[in-house]
Amino acid sequence: QTAWTFVGVSLAFGVTAGAWDAGMNIQGAAVAQDDRGHLMARFHGFWSIGTVVGAGTGVAAARGGVPVGAQCVVIAAVSLPLVVLGARVPVSGKRPDDRQPVRTTRRLVMLGSLILVGAFIEGAANDWLAVFLADERGFSHSEAAVAYAVFVAAMTAGRLGGERLYRQLSPDLLIRTGAAVVAVGVVITVQAPAEAAVYTGAAAWGLGICFVFPSVLAVGGA
C-alpha cells in the first residue's frame with residue numbers, strides 16, 4: 001500500500017509539475033518575442049535560483065535531521081501563496097487564439113528530440129545525483145545535497161551569466177560546446193575517486209547542460 005501511495009503521489013506531482021513547466025515556458029517564449037530580446041536564459045536562470053535555494057534548504061535540513069515530510073509541509077506553505085499571486089499577473093498580451101496553428105515539421109521534430117535528450121541529462125542530475133552519491137559513492141546525506149547544490153548553482157550561474165554568449169554565439173555552437181563539457185562532467189562525477197573531484201564534475205555537469213533548454217525553447221518559440 002505504501003508503494004502504491006508513493007506511485008500515485010509521484011504521478012500527481014509529475015502531471016502538475018509538467019503542466020506548470022509547459023505553461024511557464026509558453027508564456028516565457030511569448031514575452032521574449034514581444035520584447036525581441038534574449039530572455040529565455042534569464043527566465044531559466046531565475047528558475048535555477050529556486051533550485052539553488054531548495055538545495056540549500058535541503059542541505060540545512062539534512063544536517064539538522066529535519067524529516068522530509070516536515071520539509072515538504074513548510075515549503076508548500078511558503079510557496080503556495082507566491083504561486084497564486086504570480087499566476088494572477090498577466091505576463092503577455094498574446095492570447096491563444098492569436099497564434100497560428102503549429103505544423104509538425106522536420107525542424108520541430110529535431111528541436112523536440114534535442115530537448116528530450118537535454119531533459120534526460122539534466123533530469124538525471126536533478127532526480128538522482130544526490131541519491132546516487134549517497135547510495136553508491138558513500139557520501140553522507142548532507143555531502144550528497146552539497147553536490148547537488150553545486151550542480152544547480154553552476155547551472156544558474158551559466159544561465160544568468162551567459163546571456164552575452166547568447167547574443168554573440170549561435171545556439172548550435174553553445175549546445176555543442178555544452179555537450180562536450182557535460183560529458184566530461186558526468187564521467188568525473190560518476191568515476192572520480194576524490195570527493196573534491198566529484199564536486200568539480202557536478203559543476204561541469206551544470207555548466208554544460210545549462211544552455212540546452214533556453215536555446216532550444218528560444219529557437220522553437222521563434
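Our subject is the structure that appears above.
Let us look at the structure shown here. (Residues numbered from 1 in each chain as written. Predicted model: local features only at pLDDT ≥ 70, side-chain atom pairs only at ≥ 80, totals over all residues. Heavy atoms only, no water.)

1. Topic: the overall build of the protein
Applied cut-off: Secondary structure is summarised from DSSP: a helix means a run of H or I of at least four residues, a strand means a run of E of at least two, and numbering begins at the N terminus for each. Here's how the labels work: a residue is buried when its accessible area is under 20% of the maximum for its type, exposed when over 50%, partly exposed in between, all with a 1.4 Å probe on protein chains only. Residue contacts follow a heavy-atom distance rule, with two residues in contact if any of their heavy atoms lie within 4.5 Å. Computed by Shrake-Rupley with a 1.4 Å probe, the accessible areas treat only the displayed protein chains as cover when residues are assessed. His is not counted, nor are the chain ends; Lys and Arg add positive charge and Asp and Glu add negative charge. By convention, the charge on Lys lies at NZ, on Arg at CZ, on Asp at CG and on Glu at CD.
When helices and strands are tallied, the protein shows nine helices and zero strands. Going residue by residue from the N terminus, the α and β elements of the protein occur as α-α-α-α-α-α-α-α-α. Principal-axis analysis of the C-alpha atoms places the extent of the protein at approximately 50 × 40 × 30 Å. Per-residue burial over the protein gives 30% buried out of 222 residues. By sequence separation, contacts in the protein at least 24 residues apart represent 78% of the contacts at least 6 residues apart. Carbon and sulfur atoms provide 68% of the accessible area of the protein, an area that totals close to 13800 Å². Taken together, the 15 basic and 13 acidic charged side chains of the protein have centroids lying 10 Å from each other.

2. Focus on the nonpolar core
The criterion, for reference: What is meant by a nonpolar core is a set of buried Ala, Val, Leu, Ile, Met, Phe, Trp, Tyr and Cys residues, joined one to another through side-chain atoms within 4.5 Å.
By size, the foremost hydrophobic cluster in this structure holds 31 residues, and its most contacted members are Leu129, Leu133 and Phe151. Taken together, the elements giving at least two residues each to this core come down to helix H2 (40-64), helix H4 (106-135), helix H5 (141-161), helix H7 (171-191), helix H8 (195-209) and helix H9 (212-221). Take this core: its biggest share by element is seven residues, from H5. Ignoring anything within four residues of it in the chain, the contact list for leucine 133 reads Gly138, Phe139, Ala144, Ala147, Thr189 and Val198.

3. Re the packing of aromatic side chains
Test applied: In this scheme Phe, Tyr and Trp rings, the latter by its six-membered ring, pair at centre separations within 6.5 Å, and the angle between planes marks the pair as stacked below 30 degrees, edge-to-face above 60, and tilted otherwise.
Taken as a whole and judged by the stated rule, the model has three aromatic pairs. When the centroid spacing of 6.0 Å and the interplanar angle of 75° are considered together, the rings of phenylalanine 151 and tryptophan 205 count as edge-to-face. A residue pair is termed long-range when its members are at least 10 positions apart, and phenylalanine 151 in helix H5 and tryptophan 205 in helix H8 qualify at 54 residues. As far as the burial class goes, phenylalanine 151 and tryptophan 205 line up, both buried. Among the aromatic residues, those joined into a ring-pair cluster are Tyr148, Phe151 and Trp205.

4. Looking at the side chain of serine 142
Quick note on the threshold: In the analysis that follows, any N or O atom pair within 3.5 Å is treated as a polar contact, provided that within protein one partner can donate a hydrogen and the other can accept it, and provided that, for residues neighboring in sequence, both atoms belong to side chains.
For serine 142, the position within the fold is in helix H5. The buried category is assigned to serine 142, whose relative accessible area is 16%. A distance of 3.2 Å separates the side chain of serine 142 from the side chain of serine 140, its partner in a polar contact. In this structure serine 142 touches Val59, Ala62 and Arg63, once residues within four positions along its chain are discounted.

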